[in-house]
Amino acid sequence: MAPDPASAKAAQALARGAKWSALGSSERALWGLCQGSGKKPYRTVVDLSGPAFKCSCPSRKFPCKHALSLMLLSATGEVPQSAEAAWASSWLEERATRAERAERKPGEVADPLAAQQRLARRADRVSAGMAELESWLDDQVRRGLGGFEQRGYSELSRLAARMVDAQAPGVAGAVRRAAGVVGRDHGWPGELLEELSLIHLVVSAHARLNELPPSLADTVQSRIGWTVETARVLAEGEKVEDDWLVLGRVVEPDDRLTVRRLWLRGSSTGRLALILNFAAAGRQLDPLPARPGELVPAVLSYYPGALPMRALLTQTAPRLPAQRPGGLTAKQALASYVESLAADPWNERWPLVLADVRPARNGEYWALVDETGDALEVLPGVDLWKLLAVSAGDPVTVAGEWNRAGFKPMTCWDGDRPVILS
């Protein structure tokens with residue numbers, strides 16, 4: 001086991017009882033204190049099940065000469081049986097705990113009772129937070145929105161902080177979005193009512209959680225902020241294998257976290273999927289499995305919910321080129337979004353592929369107009385110059401992300417050549 005001849009020779013020189021104290025052994029380990037050049041002796045432990053080694057000496061060799069010497073002493077019968085030293089036992093228990101975690105099945109916990117108690121405590125906090133939020137919403141119905149422009153932002157910000165304390169981060173985010181609407185433009189009261197209605201719907205659904213179908217209950221829990229472990233999704237999530245067309249990506253950086261949404265559509269199944277990636281500020285996101293407009297052969301494991309969209313991707317083969325995808329008219333696209341809201345009323349974003357649309361001015365903003373004259377508004381502030389250059393007035397296929405505020409183009413096709421827009 002010696003890493004080199006010099007270590008073996010040094011270990012043989014140390015294998016004398018005079019150098020060692022507090023020697024001991026058990027069925028699972030050897031331990032002892034070896035006097036070096038310093039004031040304090042080195043603590044050395046050998047886990048016989050590995051074998052594995054731990055020593056307080058500064059050597060970078062593995063095993064070090066002290067661990068080798070301890071094993072030589074044991075081989076010649078010079079290490080007596082005794083109760084394990086506390087410092088040796090502590091390291092052995094840490095190793096056993098790490099090994100247990102490594103062998104644990106996905107979703108399995110070390111102490112199920114303690115985990116259940118933690119979940120129960122969090123559920124109580126969430127329920128208390130939802131009750132407080134419901135009371136506040138009821139007060140607004142009675143009082144109306146008069147004067148809300150002066151007091152609304154501070155009240156909603158306080159409520160968002162309270163929802164964080166209640167361990168309901170999803171609801172906290174929804175309340176912060178509502179706070180951002182207050183006084184934003186002349187139509188803010190209508191937008192605020194829409195945001196508060198969706199928050200009220202979450203609160204009402206939480207109160208009836210046990211009555212909801214399991215898939216919708218999963219969706220409500222997700223909107224509140226309960227998370228599902230990645231290991232559980234990979235082990236238990238719905239599996240769909242296909243060649244997945246990468247429709248496009250949206251990257252949203254801020255001061256603390258960068259979020260990337262990658263939208264996919266199955267070539268055979270037609271299933272839609274969302275792959276989320278996160279990176280702390282200043283760090284790089286994981287590489288893309290394929291560029292927008294390419295196919296990635298993969299198995300997707302879907303998160304639970306009434307509208308399964310978010311998924312984890314396990315790539316099965318190298319990426320492939322793809323032809324221009326088929327698309328929808330503006331009416332068909334909006335109908336698909338409405339259908340998604342029937343399954344998940346809180347659905348914020350929906351991937352769309354529009355066929356044969358032209359960019360056109362719509363007052364101060366832009367819209368994508370199809371062959372029938374119907375159109376979808378483009379999000380204000382989106383730079384359309386690249387799309388205008390590709391289209392040059394001709395109809396093009398455009399994939400993008402739709403939300404209540406408008407359409408964000410991600411990818412367009414010049415013939416079968418994909419052009420990344422965002």
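Whatever comes next refers back to the structure up there.
About the cut-offs
Along each chain, residues carry numbers from 1 onward, in the same order as the chain's sequence is written. Where totals are concerned, whole chains, interfaces and linings use all residues; where local detail is concerned, this predicted model gives features only for residues with pLDDT of at least 70, and gives and counts side-chain atom pairs only at 80 or more. For side-chain calculations, the full set of non-hydrogen atoms in the structure is used, while hydrogens and water are omitted. Secondary structure is summarised from DSSP: a helix means a run of H or I of at least four residues, a strand means a run of E of at least two, and numbering begins at the N terminus for each. Our radius of gyration looks at C-alpha atoms and nothing else; its globule reference is 2.2 Å times the residue count to the power 0.38. Whether a residue is buried, partly exposed or exposed follows from its accessible area with a 1.4 Å probe, protein chains only, as a fraction of its type maximum: under 20%, in between, or over 50%, in that order. Residue contacts follow a heavy-atom distance rule, with two residues in contact if any of their heavy atoms lie within 4.5 Å. Computed with the Shrake-Rupley method and a 1.4 Å probe, the accessible areas treat only the protein chains shown as cover for residues. Multiplying 1.5 Å by the helix residue count minus one yields the expected span of that helix. What makes two strands pair is DSSP finding at least two bridges between them. In this description, a line fitted to the C-alpha atoms serves as the axis of each element, helices being fitted only across the stretch in contact, and the angle between N-to-C directions of two axes falls anywhere from 0 to 180 degrees. The term nonpolar core refers to a set of buried residues drawn from Ala, Val, Leu, Ile, Met, Phe, Trp, Tyr and Cys, joined through side-chain atoms within 4.5 Å. Should an angle fall under 35 degrees it is taken as roughly parallel, and over 145 as roughly antiparallel, whereas 65 to 115 is taken as roughly perpendicular and any remaining angle as oblique. For a crossing to be left-handed, the near helix must be turned anticlockwise from the far one by less than a right angle; the clockwise case is right-handed. Gly falls in the polar group here, along with every residue not listed as nonpolar (Ala, Val, Leu, Ile, Met, Phe, Trp, Tyr, Cys, Pro) or charged (Asp, Glu, Lys, Arg).

Undergrad: Describe in detail the overall build of the chain, supporting the description with residues and values.
TA: Counting its regular elements, the chain contains eleven helices and 15 strands. Whereas a compact globule of 422 residues would reach a radius of gyration of roughly 22 Å, the chain reaches 31 Å, over 25% beyond that. Its C-alpha atoms give the chain principal-axis dimensions of roughly 95 × 55 × 40 Å. Taken across its 422 residues, the chain has 41% of its residues classed as buried. Long-range pairs, those at least 24 residues apart, make up 59% of the contacts in the chain with a sequence separation of at least 6. Just so you have it, the chain exposes about 22,800 Å², and 52% of that area is on carbon and sulfur atoms.

Undergrad: Provide a residue-level description of helix 7 (residues 188–207), including the pertinent values.
TA: Taking 1.5 Å of rise per residue, the 20 residues of helix 7 would be expected to cover 28 Å, and the 29 Å separating its terminal C-alpha atoms lies within 8% of that figure. What helix 7 keeps buried is the set Trp-188, Leu-192, Glu-195, Leu-196, Ile-199, Val-202, Val-203, Ala-205 and His-206. Where helix 7 is buried, its residues meet helix 4 (112–143), helix 5 (148–165), helix 6 (169–181) and helix 8 (214–224).

Undergrad: How would you summarise the sheet that holds strand 1 (residues 20–25) if you had to cite specific residues and measurements?
TA: One open sheet accounts for four strands, arranged 1-2-3-4; its pairing is antiparallel. Each edge of the sheet is formed by a strand with only one pairing partner; in this case those strands are strand 1 and strand 4 (52–55). Between one strand axis and the next, the sheet turns by 10° as a mean value, whatever way the strands run. Looking at chain direction, strand 1 and strand 2 (residues 29–34) are connected through four bridges and run antiparallel. Within the sheet, the bridge partner assigned to Trp-20 lies in strand 2 and is Cys-34. Contacting strand 1, strand 2, strand 3 (42–47) and strand 4, helix 2 (residues 65–75) runs over the sheet at an angle of about 60° to strand 3.

Undergrad: So what's going on with the environment of Ser-82? Residues and values would help.
TA: If you trace the backbone, Ser-82 turns up in the loop between helix 2 and helix 3 (86–103). In this structure the C-alpha to C-alpha distance between Ser-82 and Leu-30, which are 52 residues apart in sequence, comes to 9.8 Å. If near-sequence neighbours (up to four positions away) are discounted, Ser-82 is found in contact with Leu-23, Gly-24, Ser-25 and Trp-31.

Undergrad: Which residues make up the pairing of strand 8 (residues 295–302), and what values do they have?
TA: Both faces of the sheet carry side chains from a regular strand, because those side chains alternate between them. Among the eight residues of strand 8, eight are classified as buried, and the element is accordingly described as predominantly covered. The pairing of strand 5 (residues 238–253) with strand 8 spans eight bridges and is classified as antiparallel. Each bridged residue has a counterpart across the sheet, and for Glu-241 the counterpart in strand 8 is Val-299. Pairing between strand 8 and strand 9 (residues 311–315): five bridges, direction antiparallel. The partner of Leu-300 across the bridge, within strand 9, is Leu-313.

Undergrad: I'd like a description of the nonpolar core, backed by residues and values.
TA: Leu-247, Leu-368, Leu-376, Leu-387, Val-398 and Phe-407 are the most contacted members of the largest nonpolar core, which has 34 residues in total. Those elements that provide at least two residues to this core are strand 5, strand 7 (272–280), helix 10 (330–343), strand 10 (350–362), helix 11 (385–391), strand 13 (396–403) and strand 14 (406–414). Residues within four places of Leu-387 in sequence aside, it is in contact with Pro-359, Leu-368, Val-396, Val-398, Cys-412 and Leu-421. Counting residues in each nonpolar core, the second largest holds 33 residues, with Leu-156, Leu-192, Ala-205 and Ala-217 among its members.

Undergrad: Residues and numbers for the packing of helix 4 against helix 7, please.
TA: At their nearest, the axes of helix 4 and helix 7 sit 10 Å apart, and the two run at 135° to each other. Accordingly, the angle class assigned to the pair helix 4 and helix 7 is oblique. For the element pair helix 4 and helix 7, the recorded crossing hand is left-handed. Contacts between helix 4 and helix 7 involve Val-126, Ser-127, Met-130, Leu-133, Glu-134, Trp-136 and Leu-137 from the former and Leu-196, Ile-199, His-200, Val-203 and His-206 from the latter. Each residue belonging to the contact of helix 4 with helix 7 can be placed in one class, and the counts come to eight nonpolar, three polar and one charged.

Undergrad: A description of the sheet that holds strand 11 (residues 365–369) should follow, citing residues and the corresponding values.
TA: Strand order in the open sheet made by the six strands is 12-11-10-13-14-15, with antiparallel pairing throughout. With partners counted over all chains shown, the strands left at the sheet margins are strand 12 (375–377) and strand 15 (417–420), one partner each. In this sheet, adjacent strand axes meet at a mean angle of 45° when their direction is disregarded. In this structure, strand 10 lies alongside strand 11, joined through five bridges in antiparallel fashion. Of the residues in strand 11, the one forming a bridge with Arg-358 is Val-369.

Undergrad: Outline the packing of helix 4 against helix 5, listing residues and values.
TA: Their axes nearest at 9 Å, the elements helix 4 and helix 5 cross at an angle of 165°. Judged by the inter-axis angle, helix 4 sits roughly antiparallel to helix 5. Like other packed secondary-structure pairs, helix 4 and helix 5 cross with a definite hand, here left-handed. Between helix 4 and helix 5, the residues in contact are Arg-125, Ala-128, Gly-129, Met-130, Glu-132, Leu-133, Trp-136, Gln-140 and Arg-143 and Phe-148, Arg-151, Glu-155, Leu-156, Arg-158, Leu-159, Arg-162, Met-163 and Asp-165, respectively.

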